[in-house]
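# Working through the structure, step by step
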Amino acid sequence: MKKAKILVVGSFMMDLIASAPRVPNLGETVIGTSFQTAPGGKGANQALQCARLGADVTMVGCVGADAFGQEMCQALKDAGVDVSHVRISEKSSSGVGHIQLEVKETGVQNRILVVPGSNYDLMPEDLEWLKEKIREYDLLMLQLELRMDTITTAARIAHEAGVSDGTLAKATTNLLHSILYFLHCHAVLDIIKQRELLDAAFGREFNGTDGDRSDLRVPKIPLFKTPKCGSGDLRGKLCLER
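About the criteria used
Residues numbered from 1 in each chain as written. Predicted model: local features only at pLDDT ≥ 70, side-chain atom pairs only at ≥ 80, totals over all residues. Heavy atoms only, no water. Helix = DSSP H or I, 4+ residues; strand = E, 2+ residues; numbered from the N terminus. Expected span 1.5 Å × (residues − 1). Buried < 20%, exposed > 50% of the residue type's maximum accessible area, 1.4 Å probe, protein only. Arc of directions from axis to C-beta. Contact = heavy atoms within 4.5 Å. Salt bridge = Lys/Arg side-chain N within 4 Å of Asp/Glu carboxyl O. Pairing = 2+ DSSP bridges. Axes fitted to C-alpha atoms, helices over the stretch in contact; angles between N-to-C directions. Phe/Tyr/Trp six-rings, centres within 6.5 Å; stacked < 30°, edge-to-face > 60°. Lys NZ or Arg CZ within 6 Å of the ring centre and 35° of its normal.

## Focus on helix α2 (residues 67-78)
Compared with the 16 Å implied by 1.5 Å per residue over twelve residues, the 16 Å span of α2 between its first and last C-alpha is a close match. Within α2 the residues assigned to the buried category are Gly69, Met72, Cys73 and Leu76. The buried residues of α2 occupy an angular sector of 95° when projected down its axis, which confines them to one face. Exposed side of α2, more than 90 degrees from the buried face: Ala67, Gln70 and Asp78 are the residues found there. Buried residues in α2 make contact with β2 (13-20), β3 (34-40), α1 (42-52), β4 (56-64) and β5 (82-89). Positive backbone phi, at 90°, marks Gly80, one or two positions downstream of α2.

Here is the structure:
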């Protein structure tokens, strides 16, 4: 059986996870119980899981020229992911998610501070190669952890590929409908970002009246319940599929 070819354009985040019986109040120091690091980021997590499921995966993203960047890329390499299109930023450190876990008998609560770092250094022009190669992939996976113009550029390149018969071009229409679904049902973006994303995706000004919401569809990749710890969750995925 032919392997599915999946392209992930997305984020790398090194999770820095500290646990304690309670989180500190303003100006207070609390003794923690454990600390760990974990390679993550919604994009890298997608790429890793797809590879483990047997897909042929290519990751596009940007890490810093630091130990975190090396570790995150190596984790994907070890899973068989192609990281040849991952840029190394010379001006920003790798993205990190600083996670505080308050662990009690009644459950775990988290507080997360995300520093995007080099993720925001992946520019639209870094995706120019996709104009010739996008048709080689069965699925394009996006998140909302990169620059908005980079995200919309990836969606537009797929849309302009013009593949017919229900392949990439038609799937892009499903993506745009899915964007509407997410914006309608979840507080994913503020109103400015909503308009920026929709204007870029549709290639014109979007006035909020396009079509009947009854025909909006979620991608076939399901929305999973988000765990209460860790920043590399599965919320807010945007997918293009054959």
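## Details of the pattern of salt bridges
A full pass over the atoms with the stated rule returns eight salt bridges. For Arg87, the salt bridge goes to Asp126, with nearest N and O atoms at 3.3 Å. Linking Arg87 in strand β5 with Asp126 in the loop between β7 (107-115) and α3 (130-133), this pair joins segments that are 39 residues apart in sequence.

## Examining the sheet that holds strand β6 (residues 96-104)
Within the open sheet, the four strands sit side by side as β3-β2-β6-β7. Their pairing is mixed. The strands lining the two open edges of the sheet, one partner per strand, are β3 and β7. On average, each strand axis in the sheet is inclined to that of its neighbour by 20°, with strand direction left out of account. Pairing geometry for β6 and β7, over nine bridges, is antiparallel. What sits directly across from Ile99, in β7, is Ile112.

## Brief notes about the packing of aromatic side chains
Taken as a whole, this structure holds zero aromatic pairs when the rule is applied. For Lys5, the ring lying beneath its charged end belongs to Tyr137, and the centroid distance is 5.1 Å.

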